[in-house]
Amino acid sequence: MASLNKVMLIGNLGRDPEVRYTASGQAVASFNLATTEKFKNRNGEWEERTEWHRVTLWARLAEIAGEYLSKGKTVYIEGRLQTREYEKDGIKRYTTEIVGEKMQMLSPKGERRSSGDSYSPAPAGTSGGGYEPPPFQDDDIPF
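Everything numeric in this text was worked out from a predicted model, so none of it was measured.

## Observations regarding the confidence of the model for the protein chain
Parts of the model with low pLDDT should not have their predicted coordinates read in detail.
Then step 1. For the protein chain, per-residue confidence averages 83 on the pLDDT scale, and residues scoring 70 or more make up 76% of the total.
Then step 2. When mean pLDDT is compared element by element in the protein chain, strand β1 (residues 7-13) scores highest at 97, while strand β8 (residues 129-130) scores lowest at 42.
Then step 3. Counting contacts from residues 122-138, a segment whose pLDDT is below 50, to residues more than four positions away or on other chains yields 22 contacts.

## A short note on the nonpolar core
Then step 1. Core analysis: the largest hydrophobic core is formed by 20 residues, its most contacted members being F31, L33, L57, L69, I77 and M103.
Then step 2. Taken together, the elements giving at least two residues each to this core come down to β1, β3 (27-40), β4 (46-58), α1 (59-68), β5 (74-88) and β6 (91-105).
Then step 3. Ranked by residue count, the leading element in this core is α1, at 5 residues.

## Side note on the pattern of salt bridges
Then step 1. Counting across every chain of the model gives 8 salt bridges.
Then step 2. For R20, the salt bridge identified is with E18, shortest N-O distance 3.3 Å.

Rules used in this analysis
What you see as residue numbers is a count from 1 along each chain, following the sequence as written. Local features are withheld for residues below a pLDDT of 70 in this predicted model, meaning they are given only at 70 or higher, and side-chain atom pairs are given and counted only at 80 or more; totals for whole chains, interfaces and linings count all residues. Heavy atoms from the whole structure form the basis of all side-chain values; hydrogens and water molecules are not counted. By definition, pLDDT measures how confident the predictor is in each residue, and it falls between 0 and 100. Under the scheme used here, helices are H or I runs from DSSP no shorter than 4 residues and strands are E runs no shorter than 2 residues, and both carry numbers assigned from the N terminus. Contact between two residues is taken to exist if any of their heavy atoms lie within 4.5 Å; hydrogens are not considered. Remark: nonpolar core denotes a set of buried residues (Ala, Val, Leu, Ile, Met, Phe, Trp, Tyr, Cys) joined through side-chain atoms within 4.5 Å. Burial classes follow relative accessibility: with a 1.4 Å probe on protein chains only, a residue under 20% of its type's maximum area counts as buried, one over 50% as exposed, and anything between as partly exposed. Salt bridge, as applied in this entry: a Lys or Arg side-chain nitrogen positioned within 4 Å of an Asp or Glu carboxyl oxygen.

Have a look at this one:
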């Protein structure tokens, strides 16, 4: 039986990305992304609900995020859900995050260049990485 693990988000960064490097020198960036849903409640009044998502990017994509993304910027992230287990103070804990595989910066150009560009890493076994066309057209957005 086939399965699919795919996440697509458009949201705003809650703070600047934190970029670290593994012992082997590979970059990893993590940040929280806020998505906001607007809806009418039972009384017909508009309400907003914000959901926070933990995003992790690897390799060149992590370096690009660290260089060009900052708190408040709007970004499109495409990736997969991943749950990790870790131990803290002798207690097993779990965290679920989005491992980003594609990123498109959506904020207007400002103090950091290259907003609006899209990047996704090259498939495993190929060299480098490259820019791709945006994954969707503005006409596809319902707002």
